[in-house]
Amino acid sequence: MKVYAVVVGAVGSLLISANGFAGVTELVTNGSFESPVVNPFQQFPSGISGWTGSAGVEVQANGSLGAGQNTPFGNQYAELAVEGPSTYSQTIATVPGQQYDFSFYLAARPGTGPNTVSVAFTGNPSATFTAADTPTVNFQRFTDTFTATAAQSTLSLSLVTPTSGGGGGLVDNVSLSTGSGSPATAVPLPAAFWTGLSGLLGIVAVGFGRRALSPG
Ligand SMILES: [Ca+2]
């Protein structure tokens, strides 16, 4: 028990900022769009904490698109279509040459067809990700790896389709970290730590992992 307590104290700050991944430092601010609190949705022309939007930022609370239309990550998510397609951006301090793991969750707004999002990161080719149209909001995890080329890198998410103003591009849990490979092995820790962790934060981490492996 003594070893366990010491280890928890040593890495406690890392765990708090890890967004569910032990040992990985989260670099995105407000990546889960939980701030500010909205009910049931709200548009912010000048952006929100962490994010600016070329056409504003729209935050929605669970249920705003109908009963059961929810994110599994907190109570809020964002929609890249505000009154039209918007590009959400966040500038992050980075180390040139350092590799970064990126991930986010994307769901199509039901009834709008496949929703495609382009993700850009300073100095890297952009990548596109598509979530199929489904009757119920279904967040799926997408990942990429970027290498920083500057001390400041801008991460941007742009809605590619749909292009009409009807809405689309539901995003949540946007994450960027310097962790590489599996989060569970990113930082070597004593077995006793993991045993203890399962009783504390393991519920969060395992829940996150299961959804990541089997979206839907
Ligand atoms: Ca969220």
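The structure displayed is predicted, hence computed values, not measured ones.

Novice: Lay out the overall build of the protein with the relevant residues and their values.
Specialist: A count of helices and strands for the protein gives three helices and 11 strands. Across the 216 residues of the protein, 33% fall into the buried class. Considering only contacts within the protein whose residues lie at least 6 apart along the sequence, 70% involve residues at least 24 apart.

Novice: Hey, could you go over unusual backbone geometry for me, with residue numbers and the actual values?
Specialist: Generally, phi is negative for residues other than glycine and the peptide bonds are trans, each holding for most cases. Cis geometry is found at the peptide bond from S35 to P36, where omega equals -5 degrees. With respect to the helices and strands, P36 occurs in the loop between α1 (2-16) and β1 (41-44). Note the cis peptide between N39 and P40, where omega equals -5 degrees. Note on placement: P40 falls in the loop between α1 and β1. Here the phi dihedral of N30 falls at roughly 60 degrees; this positive angle occurs in a residue that is not glycine. In this structure, F33 takes a positive phi of about 55 degrees despite not being glycine.

Novice: So what's going on with the sheet that holds strand β6 (residues 99-107)? Residues and values would help.
Specialist: The sheet built from six strands is open, its strands ordered β1-β3-β4-β11-β6-β9 with antiparallel pairing. Two strands bound the open sheet, and with one partner strand each, they are β1 and β9 (140-147). Between one strand and the next, the sheet's axes are offset by a mean angle of 35 degrees, whatever the strand orientation. Across two bridges, the pairing between strand β4 (residues 76-79) and strand β11 (residues 170-177) is antiparallel. Bridge pairing links A78 to V171 in β11.

Thresholds, definitions, all that
Residues numbered from 1 in each chain as written. Predicted model: local features only at pLDDT ≥ 70, side-chain atom pairs only at ≥ 80, totals over all residues. Helix = DSSP H or I, 4+ residues; strand = E, 2+ residues; numbered from the N terminus. Buried ≥ 20, exposed ≤ 12 C-beta atoms within 10 Å, placed from the backbone. Contact = placed C-beta atoms within 7 Å. Pairing = 2+ DSSP bridges. Axes fitted to C-alpha atoms, helices over the stretch in contact; angles between N-to-C directions.

These results come straight from atomic positions and should not be treated as a statement about function.
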